[in-house]
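# Results of the structural survey
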Amino acid sequence: VRLWRCRCPALLSRPAGALRASRGLAAGPEMHFGFQTVTEEERREKIYQVFESVAKKYDVMNDSMTLGIHRVWKDILMHKMNPCPGTLLLDVAGGTGDIAFRFINYVRSVRQRQLQRKLKHNQNLSWQEIFESYQKDKFNSLGDSQVVVCDINREMLKVGKQKAQHLGYSEGLSWVLGNAEELPFDDDKFDVYTIAFGIRNVTRIDLALQEAYRVLKPGGRFLCLEFSHVSNPILSRLYDLYSFQVIPVLGEVIAGDWKSYQYLVESIRRFPPQEELKAMIEDAGFFKVHYENLNFGIVAIHSGFKL
């Protein structure tokens, strides 16, 4: 079964600033790029440049900025998803592969436990039958599960592919260059759609949510992990102090890029709060939308279903 289509072949080879031309959006209304006011086209191009700049140091900076806690947040997202063998996942803005690799590990673990239970409850199997069962599972460790990583940025995808090769991930994994606002996939294709720390960098969040709804199967699930708004006033002040005084400095020292990390901090402050994002997800057509705050709202996981 063909998982994706190119709805407009030129889209994937065009510069980021031209990606919305097919929908008739001009340079467009003024938008925020961090604390700056820019046109829609300028915002798209600037964000593309940010991630092109930080791609090679992206993982190191994530560890440095969050003291490694981003790994826990992504683990929680995966446990909330709880994918079973056979799940087809689309991970958008997932260029470096963090969610994809966790998905593969999780499904492999579920498959292994299923096999162990099967063998445990069937005590009459011969040694040969047990051996053959393990061999079969070895060559189909994902149970037909697949994850498609879709990212608009070539450099981020390049880093993800290099990591996958280094870590030995190949089975059930695909990499696609594409825009969250105009996904190059057919309707009703995926069981789960994830976007982790990516939706605040989408130029038109409403269009990205509509696309998420379109490509999910009926009954499919939307999951978004994103920096959000801290409700505790004291913690919020400390968080702001750390964000604006420390993170750009880390960006300069580790990645040689102060401006990109200044933007990333500002983009978090400009991002809609939890309830507002929930309403936007509902407006896109999703049902049973709710969110869970992690670490007092520093990040939140939003979930919804296409019914």
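Residues take numbers from 1 onward in each chain, read along the sequence in its written order. Restriction of local features to residues with pLDDT of at least 70 applies here, the model being predicted, together with a cutoff of 80 or more for giving and counting side-chain atom pairs; totals for whole chains, interfaces and linings are based on all residues. Side-chain numbers here rest on the full set of heavy atoms in the structure, without hydrogens or water.

The name recorded for the protein in an unreviewed UniProt entry is COQ5 protein, from Dicaeum eximium. What UniProt states about the protein under its Subunit (unreviewed entry) heading is, verbatim, "Component of a multi-subunit COQ enzyme complex, composed of at least COQ3, COQ4, COQ5, COQ6, COQ7 and COQ9. Interacts with PYURF; the interaction is direct, stabilizes COQ5 protein and associates PYURF with COQ enzyme complex." UniProt positions are given in the numbering used here, feature names are shortened, and annotations may be inferred rather than shown by experiment.

### A short note on a nonpolar patch on the surface
Patches draw on residues past 30% relative accessible area with no salt bridge. Two like charges within 9 Å are joined, as are two nonpolar side chains (Val, Leu, Ile, Met, Phe, Trp, Tyr) within 5 Å. Every accessible area reported is derived by Shrake-Rupley at a probe size of 1.4 Å, with residue values counting cover from the shown protein chains alone. Only one rule defines a salt bridge in this text: a Lys or Arg side-chain nitrogen within 4 Å of an Asp or Glu carboxyl oxygen. A contiguous nonpolar patch, built from Leu67, Ile69 and Val72 and spanning about 280 Å² of accessible area, is present on the exposed surface. By the criteria applied, helices consist of DSSP H or I runs no shorter than four residues and strands consist of E runs no shorter than two, each listed in order from the N terminus. Summarising the element assignment, Val72 is placed in helix 3 (residues 69-81).

### Points about the side chain of Glu226
Tracing the sequence through the fold places Glu226 in strand 7 (residues 216-227). Given the relative accessible area of 1%, Glu226 is considered buried. Residues adjacent in sequence count toward polar contacts only when both atoms are side-chain atoms; beyond that, a polar contact is any pair of N or O atoms within 3.5 Å, and within protein one must be able to donate a hydrogen and the other to accept it. At 2.7 Å, the side chain of Glu226 and the side chain of Arg200 are in polar contact. Residues are treated as being in contact if the distance between any of their heavy atoms lies within 4.5 Å. The residues contacting Glu226, other than those within four sequence positions of it, are Phe197, Gly198, Ile199, Arg200, Phe271, Ile298, Val299 and Ala300. Whether a residue is buried, partly exposed or exposed follows from its accessible area with a 1.4 Å probe, protein chains only, as a fraction of its type maximum: under 20%, in between, or over 50%, in that order.

### With respect to the packing of helix 9 (residues 247-255) against helix 10 (residues 258-270)
Close contact between helix 9 and helix 10 brings their axes to 7 Å; oriented N to C, the two are set at 145°. In this structure, helix 9 meets helix 10 at a crossing whose hand is right-handed. Contacts between helix 9 and helix 10 pair Ile247, Pro248, Val249, Gly251, Glu252 and Ala255 from the former with Trp258, Tyr261, Gln262 and Val265 from the latter. Between the N-to-C directions of two axes lies an angle of 0 to 180 degrees, each axis being a line fitted to C-alpha atoms and, for a helix, fitted only over the stretch in contact. Here a crossing is called left-handed whenever its near helix is offset anticlockwise from the far helix by less than a right angle, and right-handed whenever the offset is clockwise.

### Things to note about the nonpolar core
As used in this record, nonpolar core signifies buried Ala, Val, Leu, Ile, Met, Phe, Trp, Tyr and Cys residues forming a set joined through side-chain atoms within 4.5 Å. In this structure, Trp73, Phe103, Val147, Leu173, Leu225, Phe227 and Val299 are the most contacted members of the largest nonpolar core, which totals 35 residues. Broken down by secondary-structure element, the contributors of at least two residues to this core are helix 3, helix 4 (98-121), strand 4 (146-151), helix 6 (154-167), strand 5 (173-177), strand 6 (190-196), strand 7 and strand 9 (299-305). No other element matches helix 4, which puts 8 residues into this core. Those residues in contact with Trp73, other than ones at most four positions away along the chain, are Thr66, Phe197, Leu225, Phe227, Leu294, Asn295, Ile298 and Val299. Core analysis: the next-biggest nonpolar cluster, separate from the first, contains 28 residues, Val202, Leu209, Leu216 and Phe286 among them.

### Some thoughts on the pairing of strand 4
On a regular strand, one side chain projects to one face of the sheet and the next to the other, so that they alternate. For strand 4, a buried count of 5 out of 6 residues is recorded, marking the element as mostly surrounded by other parts of the structure. Strands pair, by our definition, only if DSSP identifies at least two bridges between them. Sheet topology note: the strand 3 (residues 88-92)/strand 4 ladder contains 5 bridges and is parallel. Residue Leu88 lies in a different strand from strand 4, and its bridge partner there is Gln146. Whether a crossover is right-handed depends on one test, that the path from the first strand over the helix to the second runs clockwise when the strands point away from the viewer. For the handedness criterion, the β-α-β arrangement of strand 4, helix 6 and strand 5 is classed as right-handed.

### With respect to the pairing of strand 5
Of all 5 residues in strand 5, 5 are buried, a share of seventy percent or more. Burial along strand 5 is two-sided: Leu173, Trp175 and Leu177 and Ser174 and Val176, pointing in opposite directions, are all buried. Pairing of strand 4 with strand 5 involves 5 bridges; the strand directions are parallel. Directly across from Asp151, in strand 5, lies its bridge partner Leu177.

### Considering the pattern of salt bridges
By the definition in use, this model includes 15 salt bridges. Between Arg44 and Glu181 there is a salt bridge whose closest N-O contact spans 3.6 Å. Of this pair, Arg44 sits in helix 1 (residues 40-54) while Glu181 sits in the loop between strand 5 and strand 6, and the two are 137 residues apart along the sequence. Per residue, the accessibility class of Arg44 equals that of Glu181, and both read buried.

### Here's the deal with the environment of Gly143
As for its placement among the helices and strands, Gly143 is situated in the loop between helix 5 (127-139) and strand 4. A C-alpha to C-alpha distance of 8.6 Å links Gly143 and Thr87, two positions 56 residues apart in sequence. Beyond its immediate sequence surroundings of up to four residues, Gly143 is in contact with Pro85, Gly86 and Arg111.

### Section: helix 1
Residue count minus one, scaled by 1.5 Å, sets the expected span of a helix. Taking 1.5 Å per residue as the helical rise, helix 1 with its 15 residues ought to reach 21 Å, and the 22 Å between its terminal C-alpha atoms agrees with that figure. If you check which residues of helix 1 are buried, you get Glu40, Arg43, Arg44, Ile47, Tyr48, Val50, Phe51 and Val54. Projected onto a plane normal to the axis of helix 1, the buried residues spread over an arc of 155° and lie on a single side. It is the directions from the helix axis to the C-beta atoms that the arc portrays.

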